[in-house]
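# Residue-level structure breakdown
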Amino acid sequence: MTKLGFTTRQVHSDRMLNTPEHGGVHSSTSNSVLFEFKDAQGIIDAFQGKRAAHVYSRSSSPSVAALQNMLNELEGGVGTLCYSTGMAAISSTLLALLKAGDHLIVSQYLFGNTRSFFETIKDFGVQVSFTDVTDIEQVKDAYQPNTKGVYTETVANPVTQVADLHAIGQFCEEKHMLFMVDNTMTPPPVFYAKDVKASLVFCSLTKYIAGHGNVLGGAVVDTGNFDWTKFDNLKTAYQVADTAQWGITQIKKKGLRDLGATLAPQSATAIALGMETLDLRLSRSQHNAMQLATFLDNHPKVSKVFYPGLADHPQHFMAREYLKGGYGAILSFDLIDGADPVAFLNEMKLVICATHLGDNRTLALPVAPTIYFENTAEERELMGISDTMLRISVGIEDTQDLIADFEAALNTI
């Protein structure tokens, strides 16, 4: 399939990768929790990992397996696991791989809920250094002998800082560390994390992959870049014949099976359907985002716009190098001093005030008092979040309708 164009591959990936029953072009939704074995030896072999088979749908089901195949092809991985949410994918994977005494280097610009999880695992004895990932020297300075990996988003939410992905990937390879990249904001074809030596790629499928704001899901993809024989936290029981599968096997057993954040078959089917139009939706949203960012950047009631596509963005040239398929469709901006973000949002007629990303509809919310309410003022300042900041997830509406809505609301300030 790699010789076909991106959208062609997505439209046909289910039928070409999974061969649905009865000539269908979509895999059917399998609602069975249990799976029968006519020969009892079969269930024994499945439990012991001697054969691949669905045993109990908490660990696997045909519907979820079909989606995993599609996501694995999307990111060029050697193995993919799906979860009930993006946060479940992150937390289950890291709890499956880390132990007390390990150390992680983590982006200081992480999305609030993800940062909250990293604060939580400190209580379990995992050391975390929050670091400026736009500067490779600061990442290197944070390294310790017990460092197991680096975790970052491609483009930070909401201030859009761009991590120095290539340099971090090189450093992780030199130190035999995991390079963990959250690619939710810039999924293929915008960015291919495997190309910068990412080891594990995380994604909230709820966002751009599914795209329609009607289903939750998350995934982790093993790109095949990491040598798991050099990772000393792996249990002997999960060191299967193919060393490339060591990591994903332990993540499945200790993370998905034991913690149980299973993706429902119905959700897998909805996500797979949404994936078909991924590039079409992203292209439109990114076009709108660039036009909107430019409009806001020139408006007197806006003091600052944060979007990697703008030439004055601090990491614009880095973004231009890494994000081959566009600059994403998330932007934030600060209103002028004294402006009330709540009053501004209440004037919007088309844009929806909601906490979500990657929807077909344009969404907005005030950042500081919502998703970063639990952070102190000092922490928000370190992340670049002001009291008047608004985050925008740009949708696929007609561009002029979108700009007109912002213009009308700004004129009330």
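Please refer to the structure higher up on the page.
What counts and how
Residues numbered from 1 in each chain as written. Predicted model: local features only at pLDDT ≥ 70, side-chain atom pairs only at ≥ 80, totals over all residues. Heavy atoms only, no water. Salt bridge = Lys/Arg side-chain N within 4 Å of Asp/Glu carboxyl O. Helix = DSSP H or I, 4+ residues; strand = E, 2+ residues; numbered from the N terminus. Buried < 20%, exposed > 50% of the residue type's maximum accessible area, 1.4 Å probe, protein only. Contact = heavy atoms within 4.5 Å. Pairing = 2+ DSSP bridges. Axes fitted to C-alpha atoms, helices over the stretch in contact; angles between N-to-C directions. Right-handed = clockwise from strand over helix to strand, strands pointing away.

### Points about the pattern of salt bridges
Pairing of side chains with opposite charge becomes possible as their charged atoms draw close. For the structure on display, the rule yields 12 salt bridges. Notably, a salt bridge pairs E73 with R9, separated by 3.4 Å at the nearest N-O pair. In this pair, E73 is assigned in helix α3 (residues 62–75) and R9 in helix α1 (residues 6–18), connecting sequence segments 64 residues apart. Accessibility expressed as a relative area gives 12% for R9, which makes it buried. A salt bridge links D258 to R257; the nearest nitrogen and oxygen atoms lie 2.8 Å apart. According to the relative accessible area criterion, R257 is partly exposed, its value standing at 30%.

### Thoughts on the environment of L410
Following the sequence through the fold, L410 ends up in helix α14 (residues 399–410). Taking relative accessible area as the criterion, L410 reaches 0% and is therefore assigned buried. A C-alpha to C-alpha distance of 33 Å links L410 and L216, two positions 194 residues apart in sequence. Apart from the residues within four sequence positions on either side, L410 is in contact with F295, L296, H299, K301, V302, L335 and F344.

### Thoughts on the sheet that holds strand β6 (residues 200–204)
The strands making up a sheet associate through backbone hydrogen bonding, with each pair oriented either parallel or antiparallel. Across the sheet, seven strands lie side by side as β1-β7-β6-β5-β4-β2-β3; this open sheet has mixed pairing. Edge positions in the sheet fall to β1 (79–83) and β3 (127–131), since each has one partner strand and no second. Between one strand and the next, the sheet's axes are offset by a mean angle of 20 degrees, whatever the strand orientation. Relative to strand β7 (residues 218–222), β6 is paired through five bridges, and the arrangement is antiparallel. What sits directly across from S204, in β7, is G218. Helix α5 (residues 112–122) contacts β2 (103–107), β3 and β4 (147–153) of the sheet and is inclined by roughly 145 degrees relative to β3. Helix α8 (residues 246–259) contacts β1, β6 and β7 of the sheet and is inclined by roughly 15 degrees relative to β1.

### Observations regarding the environment of K194
Within the secondary structure, K194 is located in the loop between β5 (178–182) and β6. As a C-alpha pair, K194 and G224 span 30 residues in sequence and 8.4 Å in three-dimensional space. With residues up to four places along the chain from it excluded, the contact list for K194 reads E75, G76, T223 and N225.

### Looking at the pairing of β5
Among the five residues in β5, five count as buried, and that is most of the element. Here β5 shows two buried faces, one formed by L178, M180 and D182 and the other by F179 and V181. With five bridges connecting them, β4 and β5 associate as parallel partners. What sits directly across from Y151, in β5, is M180. For the handedness criterion, the β-α-β arrangement of β4, helix α7 (residues 165–175) and β5 is classed as right-handed. Of the strand pairs in this sheet, β5 and β6 are connected by three bridges, and their pairing is parallel. Paired with D182 across the two strands is F202, which belongs to β6.

Keep in mind these numbers describe shape, not what the thing actually does.
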